[in-house]
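# Architecture and fold: a report
Listed below are the residues making up each chain.
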Amino acid sequence: MTTDILVIGSGISGLTYAIKIAEQHPDLQLILIAKDELRETNTRYAQGGIAVVSDFKQDSFEKHIQDTLIAGDGLCDSEVVKFVIEEGQERLRELQDWGTLFDTQQKELHLTKEGGHSEKRIVHYKDQTGLQIQEALIKKIQSFSNVRCLENHVLVDLITDHHTKTNHQKCYGAYVISKEKEEILTIGSKATILSTGGAGQLYNHTTNPYGATGDGLGAAYRARVKIEGLPYVQFHPTALVPKVNGSTFLISEAVRGEGAVLRNKKGTAFMASYDSRKDLAPRDVVARAIAQEMTATDAAFVHLDCQCIEKEKFQQHFPTIYDTCHHLEINVPKEPIPIAPAAHYFCGGIAVNAQSRSQLDGLYAIGECSYTGLHGANRLASNSLLESLVFAHRAALDSSTFVTTEALEDDFYEALPEWEGNPEVSVEKMKQMTVLKNRLRKVMTQYAGIFKADDDLNKAEQKLSAIYLETLELYQKLKLTPQFCELRNMVSVAYILIKQSQHIKTNQGTFYNADNA
Ligand SMILES: Cc1cc2nc3c(=O)[nH]c(=O)nc-3n(C[C@H](O)[C@H](O)[C@H](O)COP(=O)(O)OP(=O)(O)OC[C@H]3O[C@@H](n4cnc5c(N)ncnc54)[C@H](O)[C@@H]3O)c2cc1C
């Protein structure tokens, strides 16, 4: 297959990008792939909302910029912070034009507050903002005849000079497995857009869905593209402790924004002894405080006390959280919610410029898989959906020009080499992949979680090396499957995270190594 543009990922970043190109360039052909159904993304689980300055009487761009820089703890790119925040309102309006609903009060957007924000500026739809956005974008993308969506198609590798034996230093598309046919397709494209989301699945406890295995990062790493800031993993402070259908469910920060208070096993509200912003301090501060309280009181969780929120208000503003807790027989807001931190967001990713271009010509990265410089060492709550919108727009402007001025002939893309691999599938060996994935998660959780130490990072490196060798042995013998692709990527991403962590000598934002303190 060949196309003008290949988009990999159907979350807010991939779909926003694809809609913009499809709408403004009906002459360009797009293929958009997703490893599961289009709607199975991190985006759909976003509860809190999008941080956008809209009440200019109380709020200002400057305040939002300052809050972002403070959370990022010295590692943000201030120019990027400025343009992302200033362009937010226009991007939000587009989302509304495409059919996304947000809560309003007296015809104005209803705004909430989250940790690290000095003003109320989170635009939301109940506690289902992500789902609302995801559904509206899917509906919109399906209205274009120049976009072909392929669900259940999994990125294997980016096609580069390594495969074509050329030296143009470009990305030429991707090898992709169709889950249904179990065959590897070659998709040639003039521009390739990675919007593959995060890698929370590297840890035992994560708010991310099963598919968040860092596939785009792994593929970019194999294509020798620069990856930055991976050690800055944000742990969300308040994930519900009992699992829901085998997954970790998030209790939105907006619940604390409405006044809920964290209490330890003894019932003490402890945040004041860690930070003057108390329960609404940035996430890294709150997550570390909770982890410390759990250790000090020998408890597997702390409590989120929501009694100050009226039942009707709770039910109206947080219907999903309310229903989920009641299903587990937690009578909110009267009864406290047992919570603990969980891996939530990768601040680092594929290094890109202000147009979302990676270092490899023809390869763009948008959304959680990218590193733009907005988040620095710690993402300010609700800034990631905003980042996705702004960079999808910028990537669309840049890549449409890139594609139309592409010098390589169509014949070149039509003659790309097929994937070469092993045909053998062994059920026994397939089971080993699940074992290896679980081993990797255990290593990362034990040695590279909220608190790190030099010795622990070295142990993690050794254990990962063993997992890598076992993975390599399987790779040399077996047919590539989607599960295998995930394992390969998880090993690569974990390895980069550990190696980059070993070089960080200053604790900033989400990164904390006890030996640096
Ligand atoms: C529970 C939860 C709550 C959150 N709440 C908020 C919030 O309130 N506000 C906020 O700003 N942010 C929030 N976030 C973060 C935010 O949702 C994500 O950062 C954002 O949605 C990422 O969007 P994305 O488009 O980059 O990737 P995603 O939405 O994760 O989409 C990734 C896409 O890539 C595809 N993909 C992945 N690997 C492959 C592969 N190998 N082959 C083919 N396709 C592939 C997936 O199928 C999917 O379609 C939350 C995250 C979670 C998990």
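A brief structural summary.

Conventions and cut-offs
Residues numbered from 1 in each chain as written. Predicted model: local features only at pLDDT ≥ 70, side-chain atom pairs only at ≥ 80, totals over all residues. Heavy atoms only, no water. Pairing = 2+ DSSP bridges. Helix = DSSP H or I, 4+ residues; strand = E, 2+ residues; numbered from the N terminus. Axes fitted to C-alpha atoms, helices over the stretch in contact; angles between N-to-C directions. Near = heavy atom within 4 Å. Polar contact = N/O pair within 3.5 Å; in protein donor to acceptor, adjacent residues only side chain to side chain. Areas by Shrake-Rupley, 256 points an atom, 1.4 Å probe, with all protein chains shown as cover. Disulfide = S-S within 2.5 Å. Buried < 20%, exposed > 50% of the residue type's maximum accessible area, 1.4 Å probe, protein only. Contact = heavy atoms within 4.5 Å. Expected span 1.5 Å × (residues − 1). Core = buried A, V, L, I, M, F, W, Y, C linked by side-chain atoms within 4.5 Å. Domains from an automatic or database assignment. 1 Å grid on protein atoms, 1.4 Å probe; cavity = no way out; pocket = protein on both sides within 12 Å on 5 of 7 lines; lining within 4 Å. Points joined across faces, edges and corners; volume = space filled by probe spheres on them. Nonpolar A, V, L, I, M, F, W, Y, C, P; charged D, E, K, R; others polar. Phe/Tyr/Trp six-rings, centres within 6.5 Å; stacked < 30°, edge-to-face > 60°. Lys NZ or Arg CZ within 6 Å of the ring centre and 35° of its normal. Salt bridge = Lys/Arg side-chain N within 4 Å of Asp/Glu carboxyl O.

Moving on: the sheet that holds strand β13 (residues 233-240). Pairing is antiparallel in the open sheet, where four strands are placed in the order β13-β16-β15-β14. With partners counted over all chains shown, the strands left at the sheet margins are β13 and β14 (261-263), one partner each. Taking each pair of neighbouring strands and ignoring which way they run, the sheet shows an average axis angle of 45 degrees. In this sheet, strand β16 (residues 337-346) lies alongside β13 in antiparallel orientation, the contact comprising six bridges. Looking at the pairing, Val233 lines up with Phe346 of β16.

Moving on, we come to the site of the ligand. Among the 37 residues in the neighbourhood of the ligand, the closest are listed as Ser13, Thr43, Asp215, Glu368 and Ser384. Here an oxygen atom of the ligand sits 3.3 Å away from a polar atom, N or O, in the main chain of Ile12. Measuring from an oxygen atom of the ligand, one finds a backbone N or O atom of Gly48 at 2.9 Å. Surface burial for the ligand is 97%, taken as the share of its 1,000 Å² of free accessible area covered by protein chains. If you list the elements that add at least two residues to the shell around the ligand, you get α1 (12-24), β9 (153-158), β16 and α11 (383-404).

Right, let's get into the state of the cysteines. Inspection of the entire model under this criterion finds zero disulfides. Here Cys306 is not disulfide-linked; the sulfur of Cys325 is the nearest cysteine sulfur, at 7.4 Å. For Cys306, a relative accessible area of 0% gives the class buried. Cys485 takes part in no disulfide bond, and the closest cysteine sulfur to it belongs to Cys171, at a distance of 16 Å.

Turning our attention to the environment of Asp161. Its location among the elements puts Asp161 in helix α5 (residues 161-164). Separated by 11 residues in sequence, Asp161 and Tyr172 place their C-alpha atoms 8.4 Å apart. Those residues in contact with Asp161 that lie beyond four places of it in its chain are Thr166, Asn167, His168, Gln169, Lys170 and Tyr172.

Quick look at α1 now. Compared with the 18 Å implied by 1.5 Å per residue over 13 residues, the 18 Å span of α1 between its first and last C-alpha is a close match. Along α1, 11 of the 13 residues are buried, which leaves the element largely enclosed by surrounding structure. Those residues of α1 lying buried are Ile12, Ser13, Gly14, Leu15, Thr16, Tyr17, Ala18, Ile19, Lys20, Ile21 and Ala22.

This brings us to the side chain of His344. Positionally, His344 belongs in strand β16. Within the structure, His344 has its side chain in polar contact with the side chain of Arg379 (distance 3.4 Å).

Next up on the list: the nonpolar core. The biggest cluster of nonpolar side chains holds 70 residues, and the ones touching the most others in it are Leu194, Leu202, Tyr203, Phe346, Ile350, Leu440 and Met444. In terms of residues, this core owes the most to one element, helix α15 (residues 482-502), which gives 10 residues. A domain split of this core shows at least three residues from each of domain 1 (2-231 + 347-414) and domain 3 (427-479 + 481-516). Ignoring sequence-local partners within four residues, the contact set of Phe346 consists of Ala199, Gly200, Leu202, Tyr203, Leu230, Tyr232, Val233, Glu368, Val493 and Leu497. Core analysis: the second largest hydrophobic core is formed by 52 residues, Val7, Ile12, Val52 and Ala392 among them.

On to empty space enclosed by the protein, then. Counted according to the given criterion, the structure contains one cavity of 30 Å³ or more. Of the volumes computed, that of the largest cavity is approximately 60 Å³. What lines the largest cavity is simply Val233, Gln234, Phe235, Asp284, Ala287, Arg288, Ile450 and Thr510. For the lining of the largest cavity, the secondary-structure elements that each account for two or more residues are β13 and α8 (283-296). Partitioning the lining of the largest cavity into residue classes produces four nonpolar, two polar and two charged.

What follows covers the packing of aromatic side chains. Taken as a whole and judged by the stated rule, the model has 14 aromatic pairs. Ring centres 6.4 Å apart and planes at 55 degrees place the aromatic pair Phe314 and Tyr322 in the tilted group. For Phe314, a relative accessible area of 0% translates into the label buried. Considering the side-chain rings of Phe451 and Tyr512, the 5.5 Å spacing of their centres and the 85 degrees angle between planes classify their relative orientation as edge-to-face. Here Phe451 is found in the loop between α13 (427-447) and α14 (454-477), whereas its partner Tyr512 is found in the segment after α15, with 61 residues between them in sequence. An aromatic cluster of three or more residues is present, and its members are Tyr172, Phe412 and Tyr413. The ring of Tyr45 is capped by Arg44, whose NZ or CZ atom sits 5.2 Å from the centre of that ring.

Once that is clear, we can look at helix α10 (residues 319-327). Every buried residue of α10 is accounted for by Pro319, Ile321, Tyr322, Thr324 and Cys325. Contacts made by the buried residues of α10 are with β13, α7 (254-257), α9 (311-317) and β16. One or two residues past the end of α10 sits Glu329, with phi positive at roughly 65 degrees.

In this structure, the second largest pocket spans a volume of roughly 760 Å³. If you trace the second largest pocket, you find 30 residues lining it, with Asp157, His162, His163, Trp419 and Tyr475 closest to the centre. Only β9, α5, β11 (183-194) and α6 (215-222) provide two or more residues apiece to the lining of the second largest pocket. Here the lining of the second largest pocket is built from residues that sort into 13 nonpolar, six polar and 11 charged. Counting contributing residues per domain, the lining of the second largest pocket is built from domain 1 (2-231 + 347-414) and domain 3 (427-479 + 481-516), each supplying no fewer than three.

Let's shift gears to the pattern of salt bridges. Tallying each qualifying case throughout the model produces 31 salt bridges. Ionic pairing is found between Lys179 and Asp36, a salt bridge with its closest N-O pair at 2.8 Å. Here the residue Lys179 occupies a position in the loop between β10 (173-178) and β11, and Asp36 occupies one in the loop between β2 (30-33) and β3 (50-51), the gap between them amounting to 143 residues. With relative accessibility at 30%, the residue Lys179 sits in the partly exposed group. Between Arg394 and Glu87 there is a salt bridge, with the nearest N and O atoms lying 2.7 Å from each other. With Arg394 in helix α11 and Glu87 in helix α3 (residues 78-97), the pair connects residues that are 307 residues apart, well separated along the chain. Judged by its relative accessible area of 19%, Glu87 falls in the buried class. Salt bridges linked by common partners bring Lys20, Glu90, Arg91 and Glu94 together as one network.

Everything listed is a geometric property; what it means functionally is a separate question.
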